[in-house]
Amino acid sequence: RSHKHPVAEILYVLKGHARILSQPGTPPEKLDEGMAIYIPIGAPHAIENMGRQSSAVMLDYFVPMGPERVYRDPTDPAGRSGFEVLHGPPSTPSGPPAGAGTPPAPPVGFVVVNAAKVAPITMAGGKAHVRKLFTRQNTGKESAYLGILEAEPGLLIPSQTHPTSAEILYVVSGGGVVNIGVEPVGLEPDLAIHIPEGQPHLLQFNGPDKTVIIQLFAPAGPEQRYIDEGPAPKGKP
């Protein structure tokens, strides 16, 4: 059903196809695998699965967190307050229909990105690539950054901390180890890890294949260290 949240929402399609519907005057947004959408605070929307015989699988981030609590407990008052169901079919705003002479609502400012069309940033001597999907430059907001980290086997990301930003990692493929403080956690596909603000952590990728991770910072900021080094010099590791 059509609804809205008092926080921003980010969806990333892992599998399948989906469509985001909104109010009149806002065209539907079709999302395929590897595409993401940034839904601003208070934007009415409904999520429709476009697959006839298959599910659409998506990562769903709320920034800041809160509405997701209703997924664990439908009676949670804080979670319920984060979902305002709008009466009427999708693509219809809440409240009575607009009468003659009533100007239509302005289009919702969705931001849609296809990861395959984002140029990768090369780092660590060619052992890492980053695709920045949502930054303050294209969303106009400081609340979150979303990107994709691709790490080659043997890459070590030294211990680091983000004093004011939490980090969420979702492993799409590959493997390795993340040390959060002194506790090692094995990385494997479909694993999600929340790293709180100010928590030291180290990542090491030791699998036989490339590791792909969806990475979120909330609020944005730490991603500014990702600077393109260009191609690795020939004859050097």
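Residues numbered from 1 in each chain as written. Predicted model: local features only at pLDDT ≥ 70, side-chain atom pairs only at ≥ 80, totals over all residues. Heavy atoms only, no water.

Enquirer: Explain the packing of aromatic side chains to me, please; I cannot follow it from the model alone.
Expert: Aromatic rings considered in pairs are described by the distance between their centres and by the relative angle of their planes. If you walk through the whole model with that rule in mind, you get 5 aromatic pairs. Where Y38 meets F134, the ring centres are 6.0 Å apart and the plane angle is 65 degrees; that geometry is what we call edge-to-face. Taken together, the positions of Y38 in strand 5 (residues 35-39) and F134 in strand 11 (residues 128-134) put the pair 96 residues apart, joining distant regions of the chain. An identical accessibility class is assigned to Y38 and F134; each is buried. (Phe/Tyr/Trp six-rings, centres within 6.5 Å; stacked < 30°, edge-to-face > 60°. Helix = DSSP H or I, 4+ residues; strand = E, 2+ residues; numbered from the N terminus. Buried < 20%, exposed > 50% of the residue type's maximum accessible area, 1.4 Å probe, protein only.)

Enquirer: Hey, could you run me through the pattern of salt bridges in this one?
Expert: Opposite charge on two side chains allows them to pair when their charged atoms are near. This model, assessed by the stated rule, comprises 7 salt bridges. Taking the shortest distance from any N to any O, the salt bridge between D32 and K30 comes out at 2.6 Å. In this structure D32 comes out as partly exposed when scored by relative accessible area, which is 26%. Residues E150 and K210 are paired through a salt bridge, measuring 3.7 Å at the closest nitrogen-oxygen approach. Here E150 is found in strand 12 (residues 145-151), whereas its partner K210 is found in the loop between strand 18 (201-204) and strand 19 (211-218), with 60 residues between them in sequence. (Salt bridge = Lys/Arg side-chain N within 4 Å of Asp/Glu carboxyl O.)

Enquirer: Please clarify how the pairing of strand 9 (residues 111-114) should be interpreted in this entry.
Expert: For a regular strand, side chains alternate in direction, first toward one face of the sheet and then toward the other. Of the two faces of strand 9, only the one carrying V111 and V113 is buried; V112 and N114 on the other face are not. Looking at chain direction, strand 5 and strand 9 are connected through 4 bridges and run antiparallel. Looking across to strand 9, one finds that Y38 is bridged to V111. (Pairing = 2+ DSSP bridges.)

Enquirer: Explain unusual backbone geometry here, please?
Expert: If a residue is not glycine, its phi is most likely negative; likewise, a peptide bond is most likely trans. Looking along the chain, the bond that leaves V63 and enters P64 is cis, with omega of -5 degrees. With respect to the helices and strands, the residue P64 is situated in the loop between strand 7 (57-63) and helix 1 (69-72). Between A218 and P219 the backbone carries a cis peptide bond, its omega angle lying at -5 degrees. Within the element layout of this structure, P219 appears in the segment after strand 19. For A124, which is not glycine, the phi torsion reads 50 degrees and is therefore positive. The partly exposed category is assigned to A124, whose relative accessible area is 38%. Look at D190: it is not a glycine, yet its phi comes out positive at around 70 degrees. Examined against the element boundaries, D190 turns out to sit in the loop between strand 16 (183-187) and strand 17 (192-195).

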